[in-house]
Amino acid sequence: MLDQGAPPQQRTSQATGLGARLMRRKPVERLVAEGGQGEGGALRRSLGLWQLTMISIGATLGTGIFVVLGEAVPKAGPAVTLSFVIAGLTALFSALSYAELAGTIPVAGSSYSYAYATMGELVAWICGWCLVLGYGVSVAAVAVGWGEYLNELLDGTIGVTVPDALSAPPGDGGVFNLPALIVVLLAMAFLLGGARESARANTVMVVVKIAALVLFCAIGIQGFRSGNYAHFMPLGMAGVSAAGATLFFSYIGFDAASTAGEEAKNAQRDLPRAIMLSLVIVTALYVLVAAVAVGAKPWQHFNDSEAALAQIMREVTGQSFWGTLLAFCAVIAIASVVLTVLYGQTRILFAMSRDGLAPKVFGRVHPKTGAPRANTVIVSLFCGVLAAAIPLGQLADATSIGTLFAFALVNIAVVVLRRTRPDMPRTFRVPLSPVFPALGFGFCVWMMGSLSTVTWVVFGVWMAVGLVFYFLYGHRRSRLATPEG
């Protein structure tokens, strides 16, 4: 049905006809008014600026530096530090757009909801489907890295490791990655307790991971050799951009903060601040740690382990203690990424379910905990099985392409909303708009082009499956398409 309270251009987009139905938009006021409401209960507003910033850092700071650094260095050489900077700049321009929209439309759906309010239902669905890929696969990728450091910890403490058959997926010499499944199930247990309890656990883990990286830099700098930077860009700019595209998935944490819009105490004020603050902290740590790591170990030797930082600690000190300590911190640090990214995934599906574009089970809220329990269990089991069965490198690239696509749409959404609703109150405004959003969009497209053909094929298949699901299910069940909606 038409929303009579929507602006004229939105009522027009909701007119009859297939094309118009695909372009129907959900008014911003309605998105905000429905915030927190689910089937059988409501999400609880319990998160302040500190917790939101920790969620953003928790979802960002982890696998990208503890694990995927070992995947990225062989692609770029010592110039991997430049890859982190490029990925960070790409994230920065998109983060500015996220900050504006998070303060204007503080809801759980993140870029999915922003697209729904500005570009219509089909684009919103595509964006949400990309986020499902980005978040779901990211959880799996992070969980794989957790298993690598768990083995490092076990080897350094009790002298045993999980057998290869049970610690690596098919294709990487194993049968089933049991540790990856375990960490996802542990994160699920925390999330079932509610957002406040999960945020507290995440804050403790974030403090541990920052301390671990500072410790690594303090010890790793002692093994720094300037000769390791003699050939700074051995694989050219193509290698730098390829590594940057792989590393970009390490920056998606600020999107997780935006998914907490319906559980924040003062979302319009705190979300933009949390997004920008976390991105600055994380980028600085990434570049610093990468610079020290490559200075302490020749780049050609980074392809032999996904627990590279722990190895560097052992090599520099000549003692196993420091590597084991770092592995312990990494186990905690990477677990926090699993926790917060899994949180973001469940909230996006929660928003899509409320709009009728995903099954109702994802929108059910437990009245006691204020958490979408069934949603959390389903998503956790899916991500856990994915982590146990798919190699890390393929997971990281699939995460990057889905997230980059969603980020590109957010940059467009800022410009569209500025033009269609110029008088809407905004607690944060992207400077030099539309120049900065255009740069954000361009960077995203450029980095997507740096990904492999196989990644594009996977992305194409994923999008085709998503469109089939939308036209068979979401398009007909959308609340904007039903009389009661």
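Scoring rules and cut-offs
- Residues numbered from 1 in each chain as written.
- Predicted model: local features only at pLDDT ≥ 70, side-chain atom pairs only at ≥ 80, totals over all residues.
- Heavy atoms only, no water.
- Helix = DSSP H or I, 4+ residues; strand = E, 2+ residues; numbered from the N terminus.
- Rg over C-alpha atoms; globule rule 2.2 N^0.38 Å.
- Buried < 20%, exposed > 50% of the residue type's maximum accessible area, 1.4 Å probe, protein only.
- Contact = heavy atoms within 4.5 Å.
- Areas by Shrake-Rupley, 256 points an atom, 1.4 Å probe, with all protein chains shown as cover.
- Lys, Arg positive; Asp, Glu negative; His and termini not counted.
- Charge placed at Lys NZ, Arg CZ, Asp CG, Glu CD.
- Axes fitted to C-alpha atoms, helices over the stretch in contact; angles between N-to-C directions.
- Left-handed = near helix turned anticlockwise from the far one by under 90°.
- Nonpolar A, V, L, I, M, F, W, Y, C, P; charged D, E, K, R; others polar.
- pLDDT = per-residue confidence, 0-100.
- Core = buried A, V, L, I, M, F, W, Y, C linked by side-chain atoms within 4.5 Å.
- Salt bridge = Lys/Arg side-chain N within 4 Å of Asp/Glu carboxyl O.
- Parallel < 35°, antiparallel > 145°, perpendicular 65-115°, else oblique.
- Phe/Tyr/Trp six-rings, centres within 6.5 Å; stacked < 30°, edge-to-face > 60°.
- Expected span 1.5 Å × (residues − 1).
- Bend = angle between axes of the 7 residues up to and from the residue.

(A) Representation of the overall build of the protein. Along its length, the protein carries 21 helices and 2 strands. Here the C-alpha atoms of the protein give a radius of gyration of 22 Å, agreeing with the 23 Å that 2.2 N^0.38 yields for 485 residues. Taken over the C-alpha atoms alone, the protein extends approximately 70 × 45 × 40 Å along its principal axes. Within the protein, buried positions represent 61% of all 485 residues. Put simply, 82% of the contacts in the protein that link residues at least 6 apart link residues at least 24 apart. When the accessible area of the protein is evaluated, it comes to approximately 17,100 Å², of which 67% is carbon and sulfur surface. Charge centroids of the protein, computed over 32 positive and 24 negative side chains, lie 10 Å from each other.

(B) Layout of the packing of helix α9 (residues 121–157) against helix α11 (residues 178–191). For the pair α9 and α11, interaxial distance at closest approach is 8 Å and the crossing angle is 115°. In this structure, α9 crosses over α11, and the sense of that crossing is right-handed. Contact residues: V139, A143, V144, W146, G147 and L150 in α9; P179, A180, V183 and V184 in α11. Class assignment for the residues of the contact of α9 with α11 results in 9 nonpolar, 1 polar and no charged.

(C) Summary view of the side chain of S46. Checked against the element boundaries, S46 lands in the loop between β2 (41–42) and α4 (49–60). The class for S46 is buried, based on a relative accessible area of 9%. Among all residues touching S46, those that are not within four sequence positions of it are R196, E263 and K265.

(D) Structural view of the confidence of the model for the protein. Per-residue confidence for the protein gives a mean pLDDT of 83; residues scoring 70 or more make up 91%. In this model, residues 1–5 is a region of pLDDT below 50 whose contacts with residues beyond four sequence positions or in other chains number 13 contacts. Confidence drops under a pLDDT of 50 for residues 8–15, and excluding neighbours within four residues, the segment shows 24 contacts in the predicted structure.

(E) Seen up close, the nonpolar core. Grouped together as the largest cluster of nonpolar side chains are 154 residues, with contacts concentrated most on F66, L69, F216 and L309. Among the elements that line this core, the one with the most residues is α9, at 21 residues.

(F) Region of interest: the pattern of salt bridges. On inspection of all chains with the given rule, the structure shows 12 salt bridges. The shortest N-O distance in the salt bridge between R479 and E34 comes to 3.5 Å. You can see R479 sitting in the segment after α21 (453–477) and its partner E34 sitting in the loop between α3 (28–33) and β1 (37–38), a full 445 residues away along the chain. Judged by its relative accessible area of 29%, R479 falls in the partly exposed class. E100 is the salt-bridge partner of R426, the closest N and O atoms lying 3.1 Å from each other. Pair noted here: R426 is in the loop between α19 (392–420) and α20 (435–449) and E100 is in helix α7 (residues 80–104), with a separation of 326 residues, a long-range link. E100 carries the same exposure label as R426, and that label is buried. Several salt bridges share partner residues, and in doing so they unite K26, R30, E34, D355 and R479 into one network.

(G) Highlighting the packing of helix α16 (residues 308–317) against helix α17 (residues 320–354). Between α16 and α17, whose axes approach to 7 Å, the crossing angle comes to 160°. Accordingly, the angle class assigned to the pair α16 and α17 is roughly antiparallel. The two elements α16 and α17 cross, and the hand of that crossing is right-handed. When α16 is examined against α17, the residues L309, A310, M313, R314 and T317 are found in contact with a partner set consisting of S320, W322, G323 and L326. Residues of the contact of α16 with α17, tallied by class, amount to 5 nonpolar, 3 polar and 1 charged.

(H) Inspection of the packing of aromatic side chains at higher detail. Taken as a whole, this structure holds 19 aromatic pairs when the rule is applied. Note on Y229 and F232: the rings are 6.4 Å apart at their centroids and 20° apart in plane angle, and the pair reads as stacked. Under the relative-accessibility criterion, F232 is labelled partly exposed at 33%.

(I) Broad picture of α21. Compared with an ideal rise of 1.5 Å per residue, which puts 25 residues at 36 Å, α21 spans 35 Å between its outermost C-alpha atoms and is within 8% of the ideal. Along α21, the sharpest kink reaches roughly 50°, centred on Y470. Listed in full, the buried residues belonging to α21 are T455, F459, W462, M463, G466, Y470, Y473, G474 and H475.

(J) Here's a closer look at unusual backbone geometry. For the bond running from S433 to P434, omega is 10°, close enough to zero to count as cis. With respect to the element layout, P434 can be found in the loop between α19 and α20. If you check the backbone angles, S110 has positive phi at about 55° while not being a glycine. With respect to the secondary-structure elements, S110 resides in the loop between α7 and α8 (111–118).

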